[in-house]
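Analysis of the macromolecular model
Next come the chains, spelled out residue by residue.
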Amino acid sequence: SNTFIDLMRPQDVAGVVAFDNGVNLLQDFTGDHDALKAQIGTLTPGDCTSWYEAIYFSSDLMAARQGRKSMILLSDGQDCREDFMLHDILGYGSYHSFEEAVIEAQKAETPVYTIALGQQPAEQLGVEGYDEGRLTRMAAETGGEYYHAPTADQLAELYRALAQEAQHEYVITYHSPRPTYDGTRRNIQVTITAGSS
């Protein structure tokens with residue numbers, strides 16, 4: 001995570017959301033690298049979590065933001081909501097469903113890049129491993145990407161790739177002087193000058 005923060009540009013901001021059986025905003029949006037790293041340093045892995053709720057909560061935060069947005073989710077993809085005993089009897093897991101979390105991210109126009117943590121896919125909830133199916137679906141249905149990064153070096157390399165992708169994307173809007181559809185072909189040329197932002 002520190003690799004990603006180190007690659008943030010002066011105009012970039014990030015926040016840190018932690019989730020176990022609940023969801024906590026550890027650091028609101030900031031460009032302060034030290035503050036972000038300090039909060040990430042407090043995180044410890046847990047068991048079955050409420051990651052659907054974390055996506056739902058984070059999407060609400062993202063909805064108020066302008067510009068290029070994305071979420072990076074590090075998780076084994078196992079939410080206690082999917083277990084009857086844990087969720088319905090003991091009250092663990094997300095309040096919102098997987099589908100509701102997807103819809104909230106879509107409404108916020110925020111792609112979710114999911115990173116599966118673990119050595120192998122889990123065959124069922126509670127088994128050591130990661131839920132590849134749900135992590136893949138979350139990324140695909142929000143316009144993000146799914147990755148598996150079991151080692152620290154692979155995770156650092158992935159953060160570098162994600163930072164580069166976010167910083168090298170352009171949004172271009174064209175307003176035609178003749179907005180009515182009349183079948184006229186309009187050729188548009190876009191030139192990018194090196195070093196421009």
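Before going into details, it helps to say that this report is about the structure given with it.

1. Details of the overall build of the protein chain
Helix and strand content of the protein chain: 7 helices and 5 strands. In terms of overall dimensions, the protein chain has C-alpha extents of about 60 × 40 × 30 Å along its principal axes. Taken over 197 residues, the protein chain has a buried fraction of 31%. In the protein chain, the proportion of contacts linking residues at least 24 apart, taken out of those at least 6 apart, comes to 68%. Element-wise, carbon and sulfur atoms account for 49% of the exposed surface of the protein chain, whose accessible area totals about 12,200 Å².

2. What about the side chain of Ser-50?
Its place among the elements puts Ser-50 in the loop between helix 2 (33-40) and helix 3 (51-63). For Ser-50, a relative accessible area of 1% puts it in the buried group. Each residue touching Ser-50, except ones within four places of it in the same chain, is listed here: Phe-19, Asp-20, Asn-21, Gly-22, Val-23, Asp-79, Gly-93 and Ser-94.

3. Observations concerning helix 3
Taking 1.5 Å as the rise per residue, helix 3 with 13 residues should run 18 Å; its terminal C-alpha atoms sit 18 Å apart, in good agreement. Taken together, the buried positions of helix 3 are Trp-51, Tyr-52, Glu-53, Ala-54, Ile-55, Tyr-56, Ser-58, Ser-59 and Met-62.

4. Some words on the nonpolar core
Counting 16 residues, the largest nonpolar core has Trp-51, Ile-55, Met-71, Leu-73, Phe-98, Val-112 and Met-138 as its most contacted members. Secondary structure elements with two or more residues in this core: helix 3, strand 3 (71-75), helix 5 (98-107), strand 4 (112-116) and helix 6 (132-142). Setting aside its immediate chain neighbours within four residues, Leu-73 contacts Phe-19, Trp-51, Ile-55, Val-112, Tyr-113, Thr-114, Ile-115 and Leu-135. By size, the runner-up hydrophobic cluster in this structure holds 7 residues, among which are Tyr-113, Ile-115, Leu-155 and Leu-158.

5. With respect to the packing of helix 5 against helix 6
Look at helix 5 against helix 6: their axes get within 9 Å of each other, and the N-to-C directions meet at 30 degrees. Between helix 5 and helix 6, the interaxial angle falls into the category roughly parallel. In this structure, helix 5 meets helix 6 at a crossing whose hand is right-handed. Side by side, helix 5 and helix 6 meet where Phe-98, Glu-99, Ala-101, Val-102, Ala-105 and Gln-106 of the first sit next to Arg-134, Arg-137, Met-138, Glu-141 and Thr-142 of the second. Split by residue class, the contact of helix 5 with helix 6 holds 5 nonpolar, 2 polar and 4 charged.

6. What about the pattern of salt bridges?
Throughout the structure, instances matching the rule amount to 7 salt bridges. Its salt-bridge partner being Asp-6, residue Lys-37 comes within 2.5 Å of it at the nearest N-O pair. Residue Lys-37 is found in helix 2, and its partner Asp-6 is found in helix 1 (residues 2-6); the two are separated by 31 residues along the sequence. A network of salt bridges, in which partner residues are shared, links Glu-82, Asp-131 and Arg-134.

7. So, the pairing of strand 4
With respect to burial, strand 4 is a largely interior element, 5 of its 5 residues being buried. Of the two faces of strand 4, the one lined by Val-112, Thr-114 and Ala-116 and the one lined by Tyr-113 and Ile-115 are each fully buried. Summarising the sheet, strand 3 and strand 4 pair through 5 bridges and their orientation is parallel. When the bridges of strand 4 are listed, Leu-73 appears paired with Thr-114. In the sheet, strand 4 pairs with strand 5 (residues 146-148) via 3 bridges, with the strands oriented parallel. Considered in strand 5, the bridge of Thr-114 is made with Tyr-146. Where the polypeptide runs from strand 4 across helix 6 and back to strand 5, its parallel neighbour, the crossover connection is right-handed.

Calculation notes
Residues numbered from 1 in each chain as written. Predicted model: local features only at pLDDT ≥ 70, side-chain atom pairs only at ≥ 80, totals over all residues. Heavy atoms only, no water. Helix = DSSP H or I, 4+ residues; strand = E, 2+ residues; numbered from the N terminus. Buried < 20%, exposed > 50% of the residue type's maximum accessible area, 1.4 Å probe, protein only. Contact = heavy atoms within 4.5 Å. Areas by Shrake-Rupley, 256 points an atom, 1.4 Å probe, with all protein chains shown as cover. Expected span 1.5 Å × (residues − 1). Core = buried A, V, L, I, M, F, W, Y, C linked by side-chain atoms within 4.5 Å. Axes fitted to C-alpha atoms, helices over the stretch in contact; angles between N-to-C directions. Parallel < 35°, antiparallel > 145°, perpendicular 65-115°, else oblique. Left-handed = near helix turned anticlockwise from the far one by under 90°. Nonpolar A, V, L, I, M, F, W, Y, C, P; charged D, E, K, R; others polar. Salt bridge = Lys/Arg side-chain N within 4 Å of Asp/Glu carboxyl O. Pairing = 2+ DSSP bridges. Right-handed = clockwise from strand over helix to strand, strands pointing away.

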